[in-house]
Amino acid sequence: MFVSFEGVDGSGKSTQAQLLREWLEGLGRGVVACREPGGTALGERIRDLLLAGAAMAPWAEAALFAAARAELVAEVIRPALARGEHVVCDRYVDSSLAYQGVARGLGVERVLQLNLIATEALLPDRTFLLLIDPVEARRRAGAEGDRIEREGSAFQHAVDRGYRDLADRFRERVVAVDAARAPGAIASIVRGELRDLA
Ligand code: ADP
Ligand code: TYD
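Residues numbered from 1 in each chain as written. Chains lettered and ligands numbered in written order. Predicted model: local features only at pLDDT ≥ 70, side-chain atom pairs only at ≥ 80, totals over all residues. Heavy atoms only, no water.

Colleague: Give me the lowdown on the site of ligand 1, citing residues and values where you can.
Modeller: Taken together, 14 residues are adjacent to ligand 1, and Gly 10, Lys 13, Ser 14, Thr 15 and Arg 181 come closest. A distance of 3.0 Å is found between an oxygen atom of ligand 1 and a backbone nitrogen or oxygen belonging to Gly 12. Here an oxygen atom of ligand 1 and a side-chain polar atom of Lys 13 are 2.7 Å apart. Taken by itself ligand 1 offers 550 Å² of open surface, and the protein chains cover 66% of this. Contributing elements (two or more residues each) for the shell around ligand 1: α1 (13-26) and α8 (183-194). Broken down by element, the shell around ligand 1 gets its largest block of residues, three residues, from α1. (Near = heavy atom within 4 Å. Polar contact = N/O pair within 3.5 Å; in protein donor to acceptor, adjacent residues only side chain to side chain. Areas by Shrake-Rupley, 256 points an atom, 1.4 Å probe, with all protein chains shown as cover. Helix = DSSP H or I, 4+ residues; strand = E, 2+ residues; numbered from the N terminus.)

Given below as structure tokens:
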């Protein structure tokens, strides 16, 4: 199965991705974990351009995220799924829908089309959306953050609204979870949702 975690920075995605990975490995399953943007040699270079570099046109940003994702799908995710391993991804297409589609104003539908082309229509079996007040998430995340995290609170609130709309729109795939709960409580909800797939 292919699982992704989504949410604003500091919502607890990396923590949950790690806990899920440990649980699956404990069941004796092969697991490939990845993070976006990055996870390949090309993807890490694109990550530097996106997060450390200067401002860029919104469609340049969306296209670079999609390029990093295309490489990750081709080089890492599809081969792992073909080997029968599980893939756990910290961010995937929904990040682009919420950040570029909604917060940058490019439109969810158009950013989705770009990403369906880039990934050859590979979507996760389940996506866990970690919902938390963006102010609390900011506090958890601590330090200053990257270029996109520094966009300010109106932008982060737009991302949060975007994510909530995605949960409504993709009800079959996206499971919204209250990320204010303790990590162990969230992890057991995740495991419960995946029991049939794992
Ligand atoms: P993300 O990957 O979404 O940016 P992290 O998993 O790195 O988030 O978590 C951000 C911070 O919040 C870390 O210090 C982490 O230990 C803490 N944290 C993660 N999950 C929770 C939780 N459910 N409750 C409280 N703190 C959490
Ligand atoms: P982030 O998860 O913060 O990486 P890390 O925790 O390793 O620093 O992701 C980097 C930033 O990129 C984050 O602010 C969200 C943003 N982002 C997008 O705007 N669109 C995307 O498609 C992705 C994957 C990330």
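Colleague: Got a sec to walk through the site of ligand 2? Specific residues and values, please.
Modeller: Lining the immediate surroundings of ligand 2 are 15 residues, of which Asp 9, Arg 47, Arg 91, Ser 96 and Gln 100 lie closest. Side-chain polar atom of Arg 47 to an oxygen atom of ligand 2: 2.9 Å apart, as the coordinates give it. Between Ser 96 and ligand 2, the recorded distance is 2.6 Å, taken from a side-chain N or O atom to an oxygen atom. Contact with the protein chains covers 87% of the free accessible surface of ligand 2, which is 540 Å².

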